[in-house]
Amino acid sequence: MKGPNEPKKLAVSPSHLDLLDSLSIEDKSPQRHSQASSTLVNKSLSHKNSNITSAASGVAEDEDAFDDWGDFVDGPPTEPPKSVGCQRLASAKVPNQKAKAATYLERKTSPTFSISSNAVSPAQIRPTNIPPPSVLLELFPRLFDQLRKEATEARKNVQEKQNIETVALLILCTLKAAARVVAGRTLRWKRDSILSQSMRIGPARAGKPGGMKLNTVNKNEDIKEQQEAVDVISMWRDRTALFNSVIQASGRRPIHAIPTNIRAMTATPEQGALKASHACALCGLKREERLPKIDDQVEDSFGEWWTDHWGHTECRQFWETNVALLGQR
């Protein structure tokens with residue numbers, strides 16, 4: 001029997017006793033959990049450090065990229081002061097940009113704005129050194145003598161059609177030019193401002209109104225022109241038969257000598273006449289004026305009758321052929 005004051009003995013299982021007996025004060029608790037936790041902590045820290053390092057390197061690279069572009073400032077853009085090299089580069093770029101713009105404009109405008117092919121040729125430029133009618137009339141007797149020789153040779157060789165054609169055209173051009181110079185000798189003084197101004201004295205410039213025309217010069221010029229016209233018509237009559245024989249041999253209509261006081265007639269638009277802003281540079285007749293029995297059945301088209309900026313086509317051909325023989329003023 002146990003007394004009430006005796007302590008009760010706790011029942012301890014054998015396993016518990018073994019564990020308690022095996023432990024001592026110097027023994028250390030197992031480190032598995034702590035080592036595992038420390039390993040996890042180290043790995044997480046190393047991972048974070050690597051992320052931080054990569055982030056730092058990325059930030060550094062971004063900062064380097066931003067450093068290349070310069071600082072960004074809020075507000076209106078301000079231009080930094082340009083160096084001398086930049087100014088030279090900009091000045092060198094300006095001509096290139098202008099050249100590119102000019103090339104672009106040329107490409108854009110070339111289909112629309114093109115240079116006209118109807119520019120005035122040197123043969124159509126109106127001469128300003130044609131001498132007065134009296135000087136022109138002095139040339140015809142010499143030309144008539146030359147044409148007489150060529151016509152005589154052409155008649156001997158009628159079989160040579162090309163030679164007959166050439167001589168006939170030369171005779172027609174010379175006779176028509178002579179007829180127009182005789183008919184327009186007084187009109188040219190009124191219509192050719194350069195010619196009329198050359199016979200005036202005073203401060204007026206050539207081709208401009210003003211100055212005083214000498215009456216003695218005017219009278220002497222009229223007398224000389226009249227005498228020259230009579231001599232030309234007289235020689236024409238003497239050679240009319242020879243000239244017309246060659247002209248008819250070429251299949252064209254003959255031309256007879258004109259009177260010295262012949263007057264030009266003005267044709268109407270119904271007759272196919274056209275008008276020009278200037279008279280003929282050689283004879284002084286207008287485009288719509290016709291000489292009886294000389295200018296019959298005129299076809300004023302395609303430059304056969306009239307050359308723009310010059311005058312009669314036959315007068316222009318006469319001038320170009322004999323300009324070296326003329327005494328130019």
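Residues numbered from 1 in each chain as written. Predicted model: local features only at pLDDT ≥ 70, side-chain atom pairs only at ≥ 80, totals over all residues. Heavy atoms only, no water.

Peer 1: Mind showing me how you'd approach helix α9 (residues 240-249) here?
Peer 2: An α-helix turns once per 3.6 residues; consequently, residues spaced three or four apart project the same way. Within α9 the residues assigned to the buried category are T240, L242, F243, N244, V246 and I247. Within two residues after α9, G251 carries a phi angle of roughly 85 degrees, on the positive side. (Buried < 20%, exposed > 50% of the residue type's maximum accessible area, 1.4 Å probe, protein only. Helix = DSSP H or I, 4+ residues; strand = E, 2+ residues; numbered from the N terminus.)

Peer 1: When you look at the packing of aromatic side chains in this model, what are you seeing that I'm missing?
Peer 2: Aromatic ring pairs are defined here through the distance separating the ring centres and the angle between the ring planes. All chains considered together, the criterion is met by 3 aromatic pairs. Taken together, a centroid distance of 5.2 Å and an interplanar angle of 15 degrees make the contact between F140 and F318 stacked. With F140 in helix α4 (residues 133-156) and F318 in helix α10 (residues 313-322), the pair connects residues that are 178 residues apart, well separated along the chain. Looking at F318, the relative accessible area reads 1%, which means it is buried. (Phe/Tyr/Trp six-rings, centres within 6.5 Å; stacked < 30°, edge-to-face > 60°.)

Peer 1: Mind showing me how you'd approach unusual backbone geometry here?
Peer 2: Glycine aside, the phi torsion of most residues is negative, and most peptide linkages are trans. The backbone phi angle of F302 is positive, close to 60 degrees, even though this residue is not glycine. Tracing the backbone shows F302 in the loop between β4 (289-290) and β5 (306-307). Of the residues examined, F302 reaches a relative accessible area of 82% and is grouped as exposed. Despite not being glycine, H309 shows a phi value in the positive range, around 70 degrees. If you trace the backbone, H309 turns up in the loop between β5 and β6 (311-312).

Peer 1: Would you take a moment to explain α4 for this structure?
Peer 2: The terminal C-alpha atoms of α4 lie 35 Å apart, and with 24 residues this matches the ideal 34 Å at 1.5 Å per residue to within 8%. Within the span of α4, buried status applies to P133, S134, L136, L137, L139, F140, P141, L143, F144, L147, A151 and A154. (Expected span 1.5 Å × (residues − 1).)

Peer 1: When you look at the nonpolar core in this model, what are you seeing that I'm missing?
Peer 2: Within soluble globular proteins, side chains that are nonpolar tend to cluster in buried spots. Counting 50 residues, the largest nonpolar core has F140, F144, I171, W236 and L282 as the members making the most contacts within it. Breaking this core down by element, the ones donating at least two residues are α4, α5 (161-183), α8 (215-238), α9 and α10. By residue number, the principal contributor to this core is α5, which donates 13 residues. (Core = buried A, V, L, I, M, F, W, Y, C linked by side-chain atoms within 4.5 Å.)

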